[in-house]
Amino acid sequence: MTMAEYERSRTMPAQPEHVFDQAANVDQLDAWLPDALHVDVEDPPAVTVHEDRTGEDMPALLRSEPDQMRLEWGTREQGSYAGWLQVAGIGSGASEVTVHLSFFDAGHDPGEQAVNDALDGSLRRLEEQVRMRVDNAGG
């Protein structure tokens, strides 16, 4: 069984706490996740992920570790993929966000280009959310 691992990082102009709060806000996950993924949070940490590409609903887990500023997720039954998002402060009010994805099942791996594009796009949208929130909070 071959496993594929992907990781992307992005620097954001906000305190790590703000960035993590935005990333961990389950009501706004759709705002920055890849367009083809929709997360339905019924009974945390249990969630259902709907994948437009396959039309599948997959039971998954989404765990938030605020003291570590870390989100972890993965599929529940199939074990087809897992991932984490980590926010780290890098000083002067900026943060670095790293997203890591592991595919344990080649059938779910869309391929390097597609995954990297999706991760970059998601991090870019997360930054937009963070900027809007920081601007609003700043009045």
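Structure first, text after, so check above.
For the structure given in this document, a descriptive report is provided here. (Residues numbered from 1 in each chain as written. Predicted model: local features only at pLDDT ≥ 70, side-chain atom pairs only at ≥ 80, totals over all residues. Heavy atoms only, no water.)

1. With respect to a negative patch on the surface
Stated precisely, the cut-off is as follows: Patch membership needs two things, relative accessible area over 30% and no salt bridge, and members are linked within 9 Å if like-charged or within 5 Å if nonpolar (Val, Leu, Ile, Met, Phe, Trp, Tyr). Here, Shrake-Rupley sampling with a 1.4 Å probe gives the accessible areas, and only protein chains in the shown set may cover a residue. A side-chain nitrogen of Lys or Arg and a carboxyl oxygen of Asp or Glu constitute a salt bridge if their distance falls within 4 Å. All tallies of charge rest on Lys and Arg as positive and Asp and Glu as negative; His and the ends of each chain are not included. Charged groups are reduced to one reference atom each: NZ for lysine, CZ for arginine, CG for aspartic acid, CD for glutamic acid. For helices the rule is a DSSP run of H or I covering at least 4 residues; for strands it is a run of E covering at least 2, with both sets numbered from the N terminus onward. Relative accessibility decides the category of a residue: with a 1.4 Å probe and only protein chains considered, values under 20% of the type maximum give buried, values over 50% give exposed, and everything between is partly exposed.
On the surface, Asp 40, Glu 42, Asp 43, Glu 56 and Asp 57 cluster together into a negatively charged patch. The element best represented in the negative patch is strand 2 (residues 37-43), accounting for three residues. Relative to the helices and strands, Asp 43 is located in strand 2. Taking the relative accessible area as the measure of exposure, Asp 43 reaches 53% and is therefore exposed.

2. A word on the pairing of strand 2
Here is the rule we go by: Here, strands pair whenever DSSP counts at least two bridges between them.
Here strand 2 runs beside strand 3 (residues 46-51); their pairing, made up of six bridges, is antiparallel. Across the sheet, residue Leu 37 finds its bridge partner in strand 3, namely Glu 51. Where strand 2 folds back on strand 3, the antiparallel hairpin that results is connected by two residues.

3. Looking at the nonpolar core
This is how the line gets drawn: Side-chain atoms within 4.5 Å are what join buried Ala, Val, Leu, Ile, Met, Phe, Trp, Tyr and Cys residues into a set we call a nonpolar core. The criterion used for residue contact is that any of the two residues' heavy atoms lie within 4.5 Å.
Leu 85, Val 97 and Leu 126 are the most contacted members of the largest nonpolar core, which totals 29 residues. Of all the secondary structure elements, the ones that give two or more residues to this core are strand 1 (4-12), helix 1 (16-23), strand 3, strand 4 (56-65), strand 6 (81-89), strand 7 (95-103) and helix 2 (112-138). At five residues, helix 2 tops the list of elements feeding residues into this core. Not counting residues within four places of it along the chain, the set of residues in contact with Leu 85 comprises Ala 23, Trp 32, Met 69, Arg 70, Leu 71, Trp 73, Val 97, Thr 98, Val 99 and Leu 126.

4. Looking at the pairing of strand 5 (residues 70-75)
The pairing of strand 4 with strand 5 spans six bridges and is antiparallel. Across the sheet, Leu 62 pairs through a bridge with Trp 73, a residue of strand 5. Where strand 4 folds back on strand 5, the antiparallel hairpin that results is connected by four residues, among which Met 69 adopts a positive phi of roughly 50 degrees. Looking at chain direction, strand 5 and strand 6 are connected through five bridges and run antiparallel. Bridge pairing links Leu 71 to Leu 85 in strand 6. The antiparallel hairpin formed by strand 5 and strand 6 contains five residues in its connecting segment, where Gly 79 sits at a positive phi of about 65 degrees.

5. Regarding the packing of aromatic side chains
To keep things clear, this is the line we draw: Only centres within 6.5 Å qualify two rings of Phe, Tyr or Trp (six-membered ring in Trp) as a pair; their planes then separate them into stacked at under 30 degrees, edge-to-face at over 60, and tilted for everything else. Geometrically, a lysine NZ or arginine CZ counts as sitting over a ring once it is within 6 Å of the ring centre and also within 35 degrees of the ring normal.
Summed over the entire model, instances satisfying the criterion amount to two aromatic pairs. Here Tyr 6 and Phe 103 contribute two aromatic rings whose centre-to-centre distance is 5.9 Å and whose plane-to-plane angle is 75 degrees, an arrangement assigned as edge-to-face. One end of the pair, Tyr 6, is in strand 1; the other, Phe 103, is in strand 7, with 97 residues separating them in the sequence. For the pair shown, Tyr 6 and Phe 103 are each scored as buried. Feature note: the residues Tyr 6, Tyr 81 and Phe 103 constitute an aromatic cluster, connected by ring pairs. When the ring centre of Trp 84 is taken as reference, the NZ or CZ atom of Arg 70 above it lies at 4.6 Å.

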